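Letter by letter, the chains look like this.
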Amino acid sequence: MVLRVAVVGSGPAGSSAAETLAKAGIETFLFERKLDNAKPCGGAIPMCMVSEFDLPPHIIDRKVRNMKMISPSNVEVDINITKPDEYIGMCRREVLDGFLRDRAAKFGAKLINGTVHQLDIPSKNTDPYTLHYADHSSGSLEGEAKTLQVDVVIGADGANSRIAKAIDAGDYNYAIAFQERIRLPEDKMAYYENLAEMYVGDDVSTDFYAWVFPKYDHVAVGTGTMKVHKATIKQLQAGIRTRAAKKLAGGEIIKVEAHPIPEHPRPRRVVGRVALVGDAAGTVTKSSGEGIYFAAKSARMCAEAIIEFSNQGTRIPTEEELKIYIKRWDRKYGLTYKVLDILQTVFYRSNATREAFVEMCSDKDVQKLTFDSYLYKTVVPANPLIQMKITAKTIGSLLRGHALAP
Ligand SMILES: Cc1cc2nc3c(=O)[nH]c(=O)nc-3n(C[C@H](O)[C@H](O)[C@H](O)COP(=O)(O)OP(=O)(O)OC[C@H]3O[C@@H](n4cnc5c(N)ncnc54)[C@H](O)[C@@H]3O)c2cc1C
């Protein structure tokens, strides 16, 4: 037999899974409802993604080496990457997603321009799954109704995942992010040449941070807040526009977009022979709201588990075997998620804690630790003396601003 796998959604998660599977000779179907999809996103990726996912230079619009953190009282802390070859990559999602999708197809994944709207679950655990989809390949929006049978399904269809609903994966809490793409006059854009800004304060986000990220020919200006505060999102966006007003003067809004961001994993990420990856599973980190790398990585790890436990596609893997992908994922990144969760809880609580957070970011050791963890996705423990110094400084910053008061 040759194992048949359907991957629903071709964002960074879906295309990475499809490429890995197709390279191993597994019959892979990659579904995408909108081939020119421009996912609402800041588009910041860590440097390690470029090498790990073999991204060519044209995917990176800008190499950001300077980051400005701006506190509620407008204290600015500059964080500069000092090593000459290090950077944060800024990309446009339509370019990144298009590249990854085309590469998966080049390696043999069968790309279907279709919207999957139903998944039939078989009663016997060796029978195939049936996907019902609208095929848009003729150019029609409504599409032609079609079905496909497969042995394994990967749900990579983002935060509003239909595959997650079909397998009753359970809900997650989510944040809502709002973003405006703004084209700036040349002199204003020059300021953001290789600089990104992060603003904190309850005027710009009650739960996270607001950002100005440079893109190809514009800046992405946005903010996010938890679902419970979502009615305030436009007010928060007005907050970041006011704070950055001078730097954005004369800018023209070219796109307005909004999308949910999952806050934690779904209760069930593998059910039967259906596995969720990326946003569909809930792999975005707290504090930073980073999801692109983790989407691609979770999908690749899921695909690798499928290849391993199907004996290179010659047998059907079981639910227990697919769940090993989740175990491996949690073992590799569990600590990262926990640390970022604690950071969010401690530092985004009030304007006093946010002031303390920005103050703490002025410390060179904190900057190095943060950048190393972000750029390389490995938590490199600092030597014990530096760790003690960071801890003392953190507590000091919190105490100075009376930020530890309930
Ligand atoms: C405003 C905003 C800013 C962000 N900024 C950053 C950032 O700077 N850096 C970062 O790392 N992360 C950022 N994120 C998070 C990041 O965008 C996501 O974590 C990432 O896109 C997840 O990738 P994915 O492949 O899992 O899902 P998605 O990128 O959502 O891809 C899902 C794909 O599935 C397709 N699809 C959906 N349903 C169906 C269906 N039924 N049939 C067929 N196809 C379907 C969609 O069209 C889409 O192409 C941001 C998110 C938001 C909302």
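Everything that follows concerns the structure shown earlier in this document.
Let me sum up the structure you'll find in this document. Here the structure is a predicted model, which means the values were calculated and not measured.

### Details of the overall build of the protein
At step 1: Along the protein, the regular secondary structure elements total 13 helices and 18 strands.
At step 2: Along the first, second and third principal axes, the C-alpha set of the protein runs to 65 × 50 × 40 Å.
At step 3: Relative to its full complement of 406 residues, the protein shows a buried share of 55%.
At step 4: Taking the contacts inside the protein whose residues are at least 6 apart along the sequence as the reference set, 71% of them involve residues at least 24 apart.
At step 5: As presented, the protein carries roughly 18000 Å² of accessible surface, and 56% of it is formed by carbon and sulfur atoms.
At step 6: Taken together, the 54 basic and 49 acidic charged side chains of the protein have centroids lying 2 Å from each other.

### A few points about the nonpolar core
At step 1: Residues L55 and I88 are the most contacted members of the largest nonpolar core, which totals 82 residues.
At step 2: Residue contributions to this core peak at 13 residues, all from helix α9 (residues 292–309).
At step 3: In this structure L55 touches I45, M49, V50, L96, F99 and L100, once residues within four positions along its chain are discounted.
At step 4: Membership of the second largest hydrophobic core comes to 21 residues, among which are I112, Y129, A280 and A281.

### A few points about the pairing of strand β12 (residues 174–183)
At step 1: The buried fraction of β12 amounts to eight of the 10 residues, a majority that puts the element mostly inside the structure.
At step 2: Two strands pair when backbone bridges link them, and β12 and strand β16 (residues 252–262) are joined in this way by 10 bridges, in the antiparallel orientation. Residue R181 lies in a different strand from β16, and its bridge partner there is K255.

So, how was this worked out
- For every chain, the first residue of its written sequence is number 1, and the numbers climb from 1 along that sequence.
- Under the rules for a predicted model, residues below a pLDDT of 70 receive no local features and side-chain atom pairs below 80 are neither given nor counted, while totals for whole chains, interfaces and linings still include all residues.
- Excluded from the side-chain calculations are hydrogens and water; all other atoms, namely the structure's heavy atoms, are used.
- Strands are runs of DSSP state E lasting at least 2 residues, helices are runs of H or I lasting at least 4, and numbering of each runs from the N terminus.
- Here the term buried applies to any residue with accessible area under 20% of the maximum for its type, exposed to any over 50%, and partly exposed to those in between, with areas from a 1.4 Å probe on protein chains only.
- Should any heavy atoms of two residues lie within 4.5 Å, those residues are considered in contact.
- To measure how exposed things are, a 1.4 Å probe is used in the Shrake-Rupley method; for residues, cover is taken only from the protein chains shown.
- For the purpose of charge, His is not counted, nor are the chain termini; Lys and Arg are scored as positive and Asp and Glu as negative.
- Just so you know, the charge point we use is NZ for Lys, CZ for Arg, CG for Asp and CD for Glu.
- For our purposes a nonpolar core is just a set of buried Ala, Val, Leu, Ile, Met, Phe, Trp, Tyr and Cys residues, chained together by side-chain atoms within 4.5 Å.
- Here, strands pair whenever DSSP counts at least two bridges between them.

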